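Observations on chain architecture
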Amino acid sequence: MAVIDIVIVLVFLGLTFVVGSFFYKWVGDPDDFMVAGRKLTPFILAAVIAATNVNLYSFIGQAGVAYKHGIAILWQTWTGNMAIVFSGLFIIPIMRRLRVKTIPEFLERRYDKRVRTLVGVLWIFRLAFWLGVVLYTAVVAAQAITGIESFAFWIFVFAIVAIVYTVLGGMWAIAFTDVIQFVFMLVGALIVLPMAMAAVGWMPGLIDKLPEHALTLVREEGTYNWKFILAIFLLGIQWASVDQGLLQRAFGAESTRTVAKGLVLAGIITTPFALLWNLPGLAAAVLYPGLENADQAIPILLADMLPSVVLGLVLCGLISSQLSTISGNLNGVATLFTNDIYESLRSRKATNKEVLMIARIMTGIVGIFMIGFAFLVPMLGGAVEAYLTVIGIMDMPLFIVAIVYGLLWKRATSTAALVGYLSGAAAGIIGKFFLGFDFNSTTFLGAAVALIVTPLVSMITKPESIEKLAIVWRAKTISDEEETSGDVYHIIPKTLKGRLAMTVFASGFILFLIGVFMGSGGFAMASWIAVIGMVIYFVGGLIRVYAE
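Quick summary incoming for the structure in this document. (Residues numbered from 1 in each chain as written. Predicted model: local features only at pLDDT ≥ 70, side-chain atom pairs only at ≥ 80, totals over all residues. Heavy atoms only, no water.)

Observations regarding a nonpolar patch on the surface
Keep this limit in mind: Patch membership requires more than 30% relative accessible area and the absence of a salt bridge. Residues of like charge join within 9 Å; the nonpolar side chains Val, Leu, Ile, Met, Phe, Trp and Tyr join within 5 Å. In this description, accessible areas are obtained by the Shrake-Rupley approach with a 1.4 Å probe, and a residue is regarded as covered only by the protein chains that are shown. Only one rule defines a salt bridge in this text: a Lys or Arg side-chain nitrogen within 4 Å of an Asp or Glu carboxyl oxygen. Here a strand is any run of E in DSSP of at least two residues, a helix any run of H or I of at least four, and the numbering for each starts at the N terminus. Partly exposed residues are those whose accessible area sits between 20% and 50% of the maximum for their type, while under 20% is buried and over 50% is exposed, using a 1.4 Å probe and protein chains only.
A surface patch of nonpolar side chains, amounting to about 680 Å² of accessible area, comprises V504, M525, W528, I532, V535, I536, V539 and I543. With respect to the helices, strands and loops of the structure, W528 is situated in helix α24 (residues 526-545). Residue class for W528 comes out exposed when judged on its relative accessible area of 57%.

Dropping the structure here:
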């Protein structure tokens, strides 16, 4: 790595730090720090979410899986984007109407403080672990590209800068630096893709040199087969509905309609991005076969192929994706602690100054946890395996109690939500670590246990109050804010155009499922049908969100 590349990276880091820190004076109260005063527009929101969800986990972790197992890992991003569109149309508008800052806060609105506190505590560690995964991928990339092996040095580069500007500027800093980082990230990816593809003879050369099923999107067998697509789609819906790092941005939208538009646009915009890291991962399998650590594939490709200056610019793109994810999730965890633990357990209401101070302190503390968890990732088999292990155990049970029963069944009780969530998570732990289940089976097991236990316990425990349920159920249709402004977003469309768009959306989803299930039988057209269904699904969602 030449001196000019180091200078380019340092200038970029300095620019990010200055821009992020500038927003310190914009932060006057907790809402400014946590949700940017709820003033984000659709396109800023879409760019912010896209920047958050495209990071070195994708460029290093997913590309490493593509290097080792083929293109099917692409569905982790694609089904996640489908889930963002689904959540933007049907779920997050409800949360925005309730004006909550976190999912645990919603859980208290729907259930009680016990559920809120339990999930708040668990999710702090859950998100801190995810940050450790993200930080690990950054260190792996930096070590391979630069030859500088010092872990402490790269911790400083990737962690300290993000922690400091997040502490100072909160969500305002994150939102505006995300837009800058989004541009750098896109430019970097667009440089790498054509160079990698040219080195292997573009698509004809790649197809000719890879194993037979490496480019099969919907597979009958293997780790990333048709069952993986179904499991990761379910987890994608869960993630897009309850993940604090993602929703922290969404809750900053200026209105209910804005949050729907922003999420749908983000899901569609980031879908082609998945090719920007998966195709280079496949190219690396041809160029550098037999790597012991697949996570090293892209870093080695970058260090080997890119000339000076270009390498510096690409590194800025990779670093930007990392800083965006770290800063957003740091802010999310700080909000979780401050909003769902600190404030809810105090005997008196905290002042805005106290809340803001605690949020900033917690941002720094979680940054320390992030550094510690980064050391654990290699012990769990690398970035992707580590992340899938955690979400397979913890995430689906939360989705079942918070969204499936929380929004669709009034009889679900607080005690049942507690027992259902803990039972589902416990089942996932047993399945993964004691019975040796794979990711797919662990996910289905945890979801199934939560689905069964929650209604059983609900029927033998006291129902929730009618008044509490009425507030949540009203948020499905309208809010006081929308009533006053006259700008109402209808989750169930009222116009003919909106209903036709929903028909297109549903048709695309059905076609996608048909393609996935065809893959279980090894049908040659399964991949094409699933992809066409996904595209129709996106078109229907886009028309729907702008239909009325």
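Considerations on the packing of helix α5 (residues 74-90) against α24
Test applied: Lines fitted to C-alpha atoms define the axes here, with helix axes fitted over just the stretch in contact, and angles between the N-to-C directions of these axes take values from 0 to 180 degrees. Oblique is the label for every angle not falling under 35 degrees (roughly parallel), over 145 degrees (roughly antiparallel), or within 65 to 115 degrees (roughly perpendicular). Helix crossings are classified by the rotation of the near helix relative to the far one: an anticlockwise turn of less than a right angle makes the crossing left-handed, while a clockwise turn makes it right-handed. Any two residues whose heavy atoms approach within 4.5 Å are treated as being in contact. For this scheme, ten residues count as nonpolar: Ala, Val, Leu, Ile, Met, Phe, Trp, Tyr, Cys and Pro. Four count as charged, namely Asp, Glu, Lys and Arg, and the remainder, Gly too, count as polar.
Direction vectors running N to C along α5 and α24 enclose 25 degrees, while the axes themselves pass 10 Å from each other. Relative to α24, α5 is oriented roughly parallel. Along this stretch, α5 crosses α24, giving a crossing that reads as left-handed. Judged by residue contacts, W75, W78, N81, M82, A83, V85, F86 and L89 of α5 engage A530, V531, M534, Y537, F538, G541, R544 and V545 from α24. Looking at side-chain class alone, the contact of α5 with α24 contains 13 nonpolar, two polar and one charged residues.

A word on the nonpolar core
For clarity, the cut-off: Among the buried residues, those of types Ala, Val, Leu, Ile, Met, Phe, Trp, Tyr and Cys that are joined through side-chain atoms within 4.5 Å form a nonpolar core.
Grouped together as the largest cluster of nonpolar side chains are 162 residues, with contacts concentrated most on W75, L107, L302 and L398. With 19 residues, the top contributor of residues to this core is helix α8 (residues 113-146). Apart from the residues lying within four places of it in its own chain, the contact partners of L107 are D112, V115, V119, L398 and A402.

Notes on the packing of α5 against helix α11 (residues 226-242)
α11 packs onto α5 with a crossing angle of 40 degrees between their chain directions and a minimal axis gap of 8 Å. With respect to their mutual orientation, α5 and α11 come out oblique. In this structure, the crossing between α5 and α11 has a hand that is right-handed. Where α5 abuts α11, its residues W75, Q76, T79, G80, M82, A83, I84, F86 and S87 lie against F228, I229, I232, F233, G236, I237, W239, A240 and S241. Residue composition of the contact of α5 with α11, by class: 12 nonpolar, six polar and no charged.

Description of the packing of aromatic side chains
Applied cut-off: Between rings of Phe, Tyr and Trp, where Trp is taken as its six-membered ring, a pair exists when centres lie within 6.5 Å; planes separated by under 30 degrees are stacked, by over 60 edge-to-face, and by other angles tilted.
Across all of its chains, the model carries 15 aromatic pairs by this definition. Centroid distance F509 to Y537: 6.3 Å. Interplanar angle 45 degrees. Geometry classified as tilted. Taken as a pair, F509 in helix α23 (residues 496-519) and Y537 in helix α24 lie far apart in primary sequence, 28 residues in all. On the accessibility criterion, F509 (26% relative accessible area) is partly exposed. The buried category is assigned to Y537, whose relative accessible area is 1%.

So, the environment of F505
By the secondary structure assignment, F505 is in helix α23. As for F505 and G533, which are separated by 28 residues in sequence, their C-alpha atoms are 9.1 Å apart. Discounting residues that sit within four places of it in the chain, F505 has contacts with V85, F86, L89, F90, Y537, G540 and G541.

Section: unusual backbone geometry
The phi angle of most residues is negative, glycine excepted, and most peptide bonds adopt the trans form. We note that R99 has phi near 55 degrees; this positive angle belongs to a residue other than glycine. Following the sequence through the fold, R99 ends up in the loop between α6 (92-98) and α7 (103-110). For R99, a relative accessible area of 38% puts it in the partly exposed group. Positive phi is not limited to glycine here, since W202 has a value of about 55 degrees. Relative to the elements of secondary structure, W202 occurs in helix α10 (residues 202-209). What makes W202 partly exposed here is its relative accessible area of 47%.

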